[in-house]
Amino acid sequence: MTGLIITGGSINCAFAGAFLKIREFDMVIAVDGGLAAVKSLNIRPDAIVGDFDTVKGELLEEYRRMGGIAFEQHQPEKDETDTELALRTAMEAGVNDIVLLGATGGRLDHSIGNIHLLYACLQKGVKASIVDEKNRERLTVSVRSGGNTFPSCRLQRRFTESL
């Protein structure tokens, strides 16, 4: 099952629109401020997750009125990031191949944290990648001689349609 998580980092909507035009996802989750990008891209999310500290209240209410969308509101005082909570929601729903849009280009601590979340997905056997107009990042498992394994980050610097 495939999933798309749109977070509140920087999103080039022209890139995202082209990327999404050639892909389909079984589940779409908007993360807090990422709901603005969801609206710009004319996507209907299956769920909206976060503490809702960065999304505009009127936008959130617009989506509440639509019905049929799960809302998962968390307290601002928490140990997880909103993106981490969205990943958990996706995995609990059975998603095993996840694309994160908007996971880079905003706050540096969030970008680093989001890259780290790829490792948490890898540990659970879930494929996850961070995609933006310049990169596709996915952790893979490499095997050394002697059978030892270690995670490695495969980065692709240019976006091509083969991604």
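Above this note sits the structure.
Scoring rules and cut-offs
Residues numbered from 1 in each chain as written. Predicted model: local features only at pLDDT ≥ 70, side-chain atom pairs only at ≥ 80, totals over all residues. Heavy atoms only, no water. Salt bridge = Lys/Arg side-chain N within 4 Å of Asp/Glu carboxyl O. Helix = DSSP H or I, 4+ residues; strand = E, 2+ residues; numbered from the N terminus. Buried < 20%, exposed > 50% of the residue type's maximum accessible area, 1.4 Å probe, protein only. Right-handed = clockwise from strand over helix to strand, strands pointing away. Contact = heavy atoms within 4.5 Å. Polar contact = N/O pair within 3.5 Å; in protein donor to acceptor, adjacent residues only side chain to side chain. Arc of directions from axis to C-beta. Phe/Tyr/Trp six-rings, centres within 6.5 Å; stacked < 30°, edge-to-face > 60°. Lys NZ or Arg CZ within 6 Å of the ring centre and 35° of its normal. Pairing = 2+ DSSP bridges.

Caption draft 1: Focus on the pattern of salt bridges. Applying the stated criterion across every chain, the model contains 5 salt bridges. Linking Asp51 and Lys78 is a salt bridge whose minimum nitrogen-to-oxygen distance equals 2.7 Å. Highlighted residues: Asp51 in the loop between β3 (47-50) and α3 (57-66) and Lys78 in the loop between β4 (70-73) and α4 (82-92), separated in sequence by 27 residues. Among the residues examined, Asp51 registers a relative accessible area of 8% and is labelled buried.

Caption draft 2: Molecular detail of α4. Those residues of α4 lying buried are Asp82, Thr83, Leu85, Ala86, Leu87, Thr89 and Ala90. Phi turns positive, to about 100°, at Gly94, one or two residues after α4.

Caption draft 3: Representation of the pairing of strand β6 (residues 127-131). The buried fraction of β6 is high, at 4 of 5 residues. Tracing the backbone out of strand β5 (residues 97-101), into helix α5 (residues 108-123) and back to the parallel element β6 gives a crossover that is right-handed.

Caption draft 4: Local environment of the environment of Asn96. Relative to the assigned elements, Asn96 resides in the loop between α4 and β5. Expressed as a C-alpha distance, the spacing of Asn96 and Ala128, which sit 32 residues apart in the sequence, is 8.0 Å. Look past the residues within four positions of Asn96 in its chain and what remains in contact with it is Met1, Val126 and Lys127. In terms of polar contacts, Asn96 uses its side chain to reach the backbone amide nitrogen of Met1, at 2.9 Å.

Caption draft 5: Unusual backbone geometry, seen in detail. Unusually for a residue other than glycine, Asp32 sits at a positive phi of about 45°. Summarising the element assignment, Asp32 is placed in the loop between β2 (27-31) and α2 (35-40). Positive phi is not limited to glycine here, since Phe52 has a value of about 60°. Within the secondary structure layout, Phe52 lies in the loop between β3 and α3.

Caption draft 6: Here's a closer look at α3. Taken residue by residue, α3 has Leu59, Leu60 and Tyr63 as its buried positions. Taken down its axis, α3 places every buried residue within 100° of arc, on the same side. Pointing more than 90 degrees away from the buried face of α3 are the exposed residues Glu58 and Arg65. On its buried side, α3 packs onto α2, β3 and β4. Phi turns positive, to about 75°, at Gly67, one or two residues after α3.

Caption draft 7: Structural context of the packing of aromatic side chains. Tallied over the entire structure, the rule returns 1 aromatic pair. Of note, Arg64 hangs over the ring of Phe71, and the distance from its end group to the ring centre comes to 4.5 Å.

Caption draft 8: Here's a closer look at the pairing of β2. Within β2, 5 of the 5 residues are buried, leaving the element largely enclosed by the surrounding structure. Here β2 shows a buried face lined by Met27, Ile29 and Val31 and a second buried face lined by Val28 and Ala30. Relative to β2, strand β1 (residues 2-6) runs parallel, the two being bridged by 4 bridges. Note that in β2 the partner of Ile6 across the bridge is Ala30. In the sheet, β2 pairs with β3 via 3 bridges, with the strands oriented parallel. Residue pairing across strands places Val31 opposite Val49, the latter belonging to β3. Handedness of the crossover joining β2 and β3 through α2 is recorded here as right-handed.

Any link to function would need more than the numbers given here.
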